[in-house]
2 protein chains.
Amino acid sequence: MHQPEHLKNVGLKSTVPRLKVLSLFESGRGRHMSAEDVYKLLLASGDDVGLATVYRVLTQFEQAGLLVRHYFEGGKSVFELNQGTHHDHIVCLQCGHVEEFYDAAIEAHQEKAASERGFQIRDHSLYIYADCTKESCPNK
Amino acid sequence: MHQPEHLKNVGLKSTVPRLKVLSLFESGRGRHMSAEDVYKLLLASGDDVGLATVYRVLTQFEQAGLLVRHYFEGGKSVFELNQGTHHDHIVCLQCGHVEEFYDAAIEAHQEKAASERGFQIRDHSLYIYADCTKESCPNK
DNA sequence: TTTGCGAATGATAATCGTTCTCATTTGCGA
DNA sequence: TCGCAAATGAGAACGATTATCATTCGCAAA
Ligand SMILES: [Mn+2]
Ligand SMILES: [Mn+2]
Ligand SMILES: [Zn+2]
Ligand SMILES: [Zn+2]
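So, here's what we can say about the structure. No experiment lies behind these values; they were computed from the predicted model shown.

1. Concerning the coordination of the zinc ion (ligand 3)
All names here are of chain A.
Stage number 1. In the first shell of the zinc ion (ligand 3), the protein supplies C92 (SG), C95 (SG), C132 (SG) and C137 (SG), at 2.2 to 2.4 Å from the metal.
Stage number 2. Geometry at the zinc ion (ligand 3) is tetrahedral, judged from the four donor atoms that bind it and their angles of 108 to 112° at the metal.
Stage number 3. Read N to C, the donor residues that coordinate the zinc ion (ligand 3) are spaced as C-x2-C-x36-C-x4-C. Taken together, the residues C92 in strand 3 (residues 88-92) and C137 in the segment after strand 5 (120-131) connect sequence positions 45 residues apart.

Here's what the structure looks like:
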């Protein structure tokens, strides 16, 4: 999918740590990952990259539009590949399972609520915290 | 408004620091406040309370249902008086002005989106980040 | 290719918000 | 008024993230 040129196209020089982080996200070995997640997965696969570099690269990728950052509850940022289309998230409070959804009606009502009050929307975040019904979920 | 009995009613003994924090929220000197905001406002008014106590009391008030905690972007928790009715927030990215709103249609669609996917909603957070149209806003 | 240099990296220190520890104080029922 | 569990406050500890800085690397010019 992505090649070294992709990094150049967004103004970042192609380096080993950057390519490793990008290919991890593209490998599908984790969709919503924290800096620590990325760091540990890279270590586990023998690719050792400094933790500080992981943080730097994630922020650079976010600014370059390659990744999207989320602030779930819990205090740590979570990143995912930017695939162009916006979506919101449902997070299971028991098992942490994250499901993505997009609801055009909700998006439209948000736009309406903001413009009625004289605001021009730049961004928004909607997280639904819930209990899921997966078999594997401790929530029996 | 609130009196010492209110604390007892929610299972907390009436202490000086707790009463000070509660009356600060009730004074209207700030609606959405972080622990640091509360700490500094109390110090400024001559009521010195330890920072650790401020954190403890805010968490206790949240658990007791007196306050609601929000996780705005920026990494720090923000609290406001729980006035019984849920609402969401629009935050101006330029001046930080926060406006509250409630949209029954959005709430209903969230419920629908979650139940359709087998989730039982426990909580949710919706923040709209925007540019406001206040005269005082740097966003001219 | 080799070279040169500014950008990138990684080990580690520092920062920030928050929680923990523990000796001291306080609220409040007996 | 006492007694004691609960609450407080100062400061240490913590987890996530950022800053510092000496070393290494990417890459373009020669
Ligand atoms: Mn997602
Ligand atoms: Mn509010
Ligand atoms: Zn679950
Ligand atoms: Zn504004």
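2. Some details on the packing of helix 3 (residues 35-44) of chain A against helix 4 (residues 51-64) of chain A
All names here are of chain A.
Stage number 1. Between helix 3 and helix 4, the shortest axis-to-axis distance is 9 Å and the interhelical angle comes to 125°. By the angle between their directions, the pair helix 3 and helix 4 is classed as oblique. Here helix 3 and helix 4 pass one another in a crossing that is right-handed. For the pair helix 3 and helix 4, contact is made by A35, E36, V38 and Y39 and by L51, V54, Y55 and L58, respectively.
Stage number 2. A per-class count over the contact of helix 3 with helix 4 returns seven nonpolar, no polar and one charged.

3. Examining the environment of T85 of chain B
All names here are of chain B.
Stage number 1. The residue T85 is located in the loop between strand 2 (78-81) and strand 3 (88-92) in this model.
Stage number 2. Judged by its relative accessible area of 58%, T85 is exposed.
Stage number 3. Expressed as a C-alpha distance, the spacing of T85 and H6, which sit 79 residues apart in the sequence, is 19 Å.

4. Topic: the interface of chain B and chain A
Stage number 1. Taken residue by residue, the interface counts 33 residues in chain B and 33 residues in chain A.
Stage number 2. Both faces combined, the contact of chain B with chain A buries some 3000 Å², and carbon together with sulfur accounts for 63% of it.
Stage number 3. The three residues of chain B that bury the most area against chain A are R117, F119 and D131 of chain B, which together make up 19% of that side's buried surface.
Stage number 4. Our count for the contact surface shared by chain B and chain A stands at two salt bridges.
Stage number 5. Note that R122 of chain B and D131 of chain A form a salt bridge whose closest N and O atoms lie 2.6 Å from each other.
Stage number 6. Applying the counting rule to chain B against chain A returns twelve residue pairs in polar contact (both at pLDDT 80 or more).
Stage number 7. Every element with two or more residues in the side of chain B that touches chain A is listed here: strand 3, strand 4 (98-101), helix 5 (104-116) and strand 5 (120-131) of chain B.
Stage number 8. For the side of chain B that touches chain A, the element with the most residues is strand 5 of chain B, which contributes twelve residues.
Stage number 9. In terms of residue class, the side of chain B that touches chain A is made up of 17 nonpolar, eight polar and eight charged.
Stage number 10. By the bridge criterion, eleven bridges tie strand 5 of chain A to strand 5 of chain B in an arrangement that is antiparallel. Residue pairing across strands places Y129 of chain A opposite D123 of chain B, the latter belonging to strand 5 of chain B.

5. A short note on the protein's contact with DNA strand C
Stage number 1. Around DNA strand C, the structure places 20 residues, and the nearest of them are T15, T53 and R56 of chain A together with Y55 and S77 of chain B.
Stage number 2. Here DNA strand C approaches the protein such that, of its atoms within 4 Å, sugar and phosphate make up 73%.
Stage number 3. Side-chain polar atom of R56 of chain A to a base nitrogen of DNA strand C: 2.4 Å apart, as the coordinates give it.
Stage number 4. Mapped onto the surface near DNA strand C, the elements with two or more residues apiece are helix 2 (16-27) and helix 4 of chain A together with helix 4 (51-64) of chain B.

6. Some words on the protein's contact with DNA strand D
Stage number 1. Around DNA strand D, the surrounding shell holds 20 residues, and the nearest of these are Y55 and S77 of chain A together with T15, T53 and R56 of chain B.
Stage number 2. Of everything in DNA strand D that lies within 4 Å of the protein, sugar and phosphate atoms constitute 71%.
Stage number 3. Y55 of chain A is positioned such that a nitrogen or oxygen atom in its side chain is 2.7 Å from a phosphate oxygen of DNA strand D.
Stage number 4. A distance of 3.2 Å separates a phosphate oxygen of DNA strand D from a polar atom in the side chain of R18 of chain B.
Stage number 5. At the level of elements, helix 4 of chain A together with helix 2 (16-27) and helix 4 of chain B are the ones that each hand at least two residues to the surface near DNA strand D.
Stage number 6. Along the lines of polarity and charge, the residues of the surface near DNA strand D split into six nonpolar, six polar and eight charged.

Cut-offs and rules
- Residues numbered from 1 in each chain as written.
- Chains lettered and ligands numbered in written order.
- Predicted model: local features only at pLDDT ≥ 70, side-chain atom pairs only at ≥ 80, totals over all residues.
- Heavy atoms only, no water.
- Donors = N, O, S within 2.8 Å, 3.2 Å for Na, K, Ca; no water.
- Tetrahedral: all angles 85-135°; square planar, octahedral: opposite > 155°, others 65-115°.
- Helix = DSSP H or I, 4+ residues; strand = E, 2+ residues; numbered from the N terminus.
- Axes fitted to C-alpha atoms, helices over the stretch in contact; angles between N-to-C directions.
- Parallel < 35°, antiparallel > 145°, perpendicular 65-115°, else oblique.
- Left-handed = near helix turned anticlockwise from the far one by under 90°.
- Contact = heavy atoms within 4.5 Å.
- Nonpolar A, V, L, I, M, F, W, Y, C, P; charged D, E, K, R; others polar.
- Buried < 20%, exposed > 50% of the residue type's maximum accessible area, 1.4 Å probe, protein only.
- Buried area = accessible area lost by both parts, 1.4 Å probe.
- Salt bridge = Lys/Arg side-chain N within 4 Å of Asp/Glu carboxyl O.
- Polar contact = N/O pair within 3.5 Å; in protein donor to acceptor, adjacent residues only side chain to side chain.
- Pairing = 2+ DSSP bridges.
- Near = heavy atom within 4 Å.

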